[in-house]
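Descriptive analysis of the structure
If you want the building blocks of each chain, they are given just below.
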Amino acid sequence: MTTGFSAGHARGGQRVLCLAVLAAAVFSVSAVSQAEEEDEFGSAVECAAPLDVQPGTPLRCEAEIGPGAPQVAAALQWRDEDGMRVIDRIALTRAGERAPFQEIEGFDSRAFPEWEMNGFEFLDLNFDGFLDMRIVEFLPAGPYAPYLHWLWSPEEEKFVAAPSFNEAGYVEPNAEAQVLYSPWRNGAAELGEDIYVYEDGALKLTAREAERFSDDGSCTRLSYTVSGGALKLKESRPCEE
């Protein structure tokens, strides 16, 4: 029986190493070299943050956004609420500058400290060659945490909110296929994955794959397409053994 849709798709979006520092420092290239491993821009590496960082000390990530775009430092301001790390402001600074060129506020990202950087990362979400941003919104009862997203706008030279990505909640970009996968689970009886393309400045749902489990333990694989803006069942078959 085939389960766990998202595990079968390698991330195609670019990701860049993020590191938290224990003091508010001026942006410098040397900060990146202090990470666990030094990789070329665009390699798939994880963000990291110490568990003992104190409230009031920003978490910090650095990235080269893309061709012709600035090298950027993101300082994540946070507070502690009953053991939860709440990030509510992101200050973005260009390399060599002290004053932020953009500050993102009006949101709350809530996660346990064990979630490094509250899941914050730079990665290319819309396949335009520029790194975008996302961060966990909150931790749900289910396995897939919803995220908040901002896309880099080369024209405006800043990050802009991406409501259609927020509605999808969590996506795994696949640059080779130029699609994004959004896994989901509906209790113990059904799980699946929605498939999106990025078109006309927003995510567009194109298909759904699901597996439904009956009380007798049997499994049915359901494939949907999208027609007229609605999901239409295309095929129903037993799950593969």
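The rules we used
Residues numbered from 1 in each chain as written. Predicted model: local features only at pLDDT ≥ 70, side-chain atom pairs only at ≥ 80, totals over all residues. Heavy atoms only, no water. Helix = DSSP H or I, 4+ residues; strand = E, 2+ residues; numbered from the N terminus. Buried < 20%, exposed > 50% of the residue type's maximum accessible area, 1.4 Å probe, protein only. Contact = heavy atoms within 4.5 Å. Areas by Shrake-Rupley, 256 points an atom, 1.4 Å probe, with all protein chains shown as cover. Salt bridge = Lys/Arg side-chain N within 4 Å of Asp/Glu carboxyl O. Core = buried A, V, L, I, M, F, W, Y, C linked by side-chain atoms within 4.5 Å. Pairing = 2+ DSSP bridges. Axes fitted to C-alpha atoms, helices over the stretch in contact; angles between N-to-C directions. Disulfide = S-S within 2.5 Å. Phe/Tyr/Trp six-rings, centres within 6.5 Å; stacked < 30°, edge-to-face > 60°. Lys NZ or Arg CZ within 6 Å of the ring centre and 35° of its normal.

1. Points about the overall build of the protein chain
When its secondary structure is counted, the protein chain shows two helices and 15 strands. Counting only residues that meet the buried cut, the protein chain has 45% of its 241 residues in that class. Considering only intrachain contacts with a sequence separation of at least 6, the fraction spanning at least 24 residues in the protein chain is 46%. Total accessible area on the protein chain is roughly 12200 Å²; 47% of this is exposed by carbon and sulfur atoms.

2. A look at the pattern of salt bridges
With the rule as written, the count across this model stands at 17 salt bridges. One salt bridge connects Glu97 with Arg94, and the closest N-O pair in it is separated by 3.6 Å. Among the salt bridges present, the one from Arg221 reaches Glu209, with a minimum N-O distance of 3.3 Å. Here the residue Arg221 occupies a position in strand E14 (residues 219-227), and Glu209 occupies one in strand E13 (residues 202-213), the gap between them amounting to 12 residues.

3. Section: the nonpolar core
Grouped together as the largest cluster of nonpolar side chains are 25 residues, with contacts concentrated most on Ile65, Leu76, Ile90, Phe120, Phe122, Trp150 and Phe159. Here this core gets four residues from one element, more than from any other, and that element is strand E2 (residues 71-81). By size, the runner-up hydrophobic cluster in this structure holds 11 residues, among which are Leu123, Leu125, Ala162 and Tyr196.

4. Focus on the sheet that holds E14
Strand order across the open sheet formed by six strands is E10-E11-E12-E13-E14-E15, with antiparallel pairing between neighbours. The strands lining the two open edges of the sheet, one partner per strand, are strand E10 (172-174) and strand E15 (230-238). Between one strand and the next, the sheet's axes are offset by a mean angle of 25°, whatever the strand orientation. Of the strand pairs in this sheet, E13 and E14 are connected by seven bridges, and their pairing is antiparallel. Each bridged residue has a counterpart across the sheet, and for Arg212 the counterpart in E14 is Thr220.

5. Let's talk about the state of the cysteines
Defined simply, a disulfide is a covalent bond joining two cysteines at their sulfur atoms. Enumeration according to the criterion identifies one disulfide in this entry. Each sulfur in the disulfide pair Cys219 and Cys239 lies 1.9 Å from the other. An S-S torsion of about -55° defines the bridge between Cys219 and Cys239 as left-handed. A residue pair is termed long-range when its members are at least 10 positions apart, and Cys219 in strand E14 and Cys239 in the segment after E15 qualify at 20 residues. In this pair, the class of Cys219 matches that of Cys239, namely buried.

6. Quick notes on the packing of aromatic side chains
If you walk through the whole model with that rule in mind, you get seven aromatic pairs. Taking 6.4 Å as the distance between ring centres and 80° as the angle between the ring planes, the aromatic pair formed by Phe101 and Trp152 counts as edge-to-face. One end of the pair, Phe101, is in the loop between strand E3 (84-94) and strand E4 (102-104); the other, Trp152, is in strand E8 (residues 147-153), and 51 residues separate them in sequence. Between Phe120 and Phe122, the ring centres sit 5.2 Å apart and the planes meet at 85°, which makes this aromatic pair edge-to-face. Of the two residues examined, Phe120 and Phe122, each falls in the buried class. The structure contains a cluster of three or more aromatic residues connected by ring pairs, namely Phe101, Phe120, Phe122, Trp152 and Phe159. Sitting over the face of the ring of Trp78, Arg85 holds its NZ or CZ atom 5.0 Å from the ring centroid. Lying over the aromatic face of Tyr147, Arg134 brings its terminal NZ or CZ to 4.8 Å of the ring centre.

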